[in-house]
Amino acid sequence: MPYSKQIREECRKAMQRSTETLNGIAGRDAALECGCTAQWELAFDENDRIGSASFRTNGCGYMAAGGEVITAQIEGKRLGELSGLEREELEAGASHKIGATSDRRHCIAACVEALHKAFDEHRKRVSSTFHGESPLVCTCFGISEDRIMAMIEEYDPYSAEELMSVSNAGKGCGSCRPLIQELIDAVRYTKL
Ligand code: FES
Ligand SMILES: [Zn+2]
């Protein structure tokens, strides 16, 4: 089946982007279903803004077009403005824009997964250069492990999402959420 007009249009835009290497933060993933790889490279400015995002794929038009749509969505944004970048929302938004049917969702899912890996890499880099009494968990909002533990004590949440209703922690790039969940689980476990 030939690619749709939207997909060809997004691929054309992707081809016009500069291919210089940013030497920034990278994240990769692959969709085994179509055998395509997805790679992001992100460069952040001093305000934690995504100065530039470069997406590469060896792959299918769905992945190339999906990467292009997501690039336009995140470039120039501050991490704190991303409000958790829900995977499902990003995937659904990009799939809708390029008209990807459900049998091609895996292509978009790989784009999103690779992006989250890049965010995670960025979070690790930022927290490793942080010198505070307690490790930084949410780098998007500068929230330390001590503060998260205090909030868990106070609100007794079940999930990272629940904690997000009373705090900004996890509402930026979303990459700290698994860590927050681990802390919540650890506290709940000790109370059993
Ligand atoms: S590190 Fe980005 S939301 Fe917490
Ligand atoms: Zn694909």
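Procedures and definitions
Residues numbered from 1 in each chain as written. Chains lettered and ligands numbered in written order. Predicted model: local features only at pLDDT ≥ 70, side-chain atom pairs only at ≥ 80, totals over all residues. Helix = DSSP H or I, 4+ residues; strand = E, 2+ residues; numbered from the N terminus. Rg over C-alpha atoms; globule rule 2.2 N^0.38 Å. Buried ≥ 20, exposed ≤ 12 C-beta atoms within 10 Å, placed from the backbone. Contact = placed C-beta atoms within 7 Å. Expected span 1.5 Å × (residues − 1). Axes fitted to C-alpha atoms, helices over the stretch in contact; angles between N-to-C directions. Parallel < 35°, antiparallel > 145°, perpendicular 65-115°, else oblique. Left-handed = near helix turned anticlockwise from the far one by under 90°. Nonpolar A, V, L, I, M, F, W, Y, C, P; charged D, E, K, R; others polar.

In this section: the overall build of the protein. Counting its secondary structure elements, the protein contains 7 helices and 5 strands. Going residue by residue from the N terminus, the α and β elements of the protein occur as α-β-β-β-α-α-α-β-β-α-α-α. Its C-alpha radius of gyration of 18 Å places the protein within 12% of the 16 Å reference for a compact globule of 192 residues. Judged by the C-alpha coordinates and their principal axes, the protein covers about 55 × 35 × 25 Å. In the protein, which comprises 192 residues, the proportion classed as buried is 40%. Within the protein, contacts between residues at least 6 apart in sequence are counted, and of these 60% link residues at least 24 apart.

Turning next to helix α1 (residues 5–16). A rise of 1.5 Å per residue sets the reference length of α1, with its 12 residues, at 16 Å; its end C-alpha atoms lie 17 Å apart and thus fit the reference within 8%. Of the surrounding secondary structure, the elements contacted by the buried residues of α1 are α2 (61–74) and α3 (87–98).

One can describe the packing of α3 onto helix α4 (residues 105–128) by two numbers: an axis separation of 9 Å at closest approach and a directional angle of 135 degrees. Comparing their axes, α4 and α3 come out oblique. Both α3 and α4 take part in a crossing whose hand is right-handed. In this structure, α3 uses Arg87, Leu90, Glu91, Ala94 and Ser95 to contact α4, whose residues at the interface are Arg105, Ile108, Ala109, Val112 and His116. The residue makeup of the contact of α3 with α4, split by class, is 5 nonpolar, 2 polar and 3 charged.

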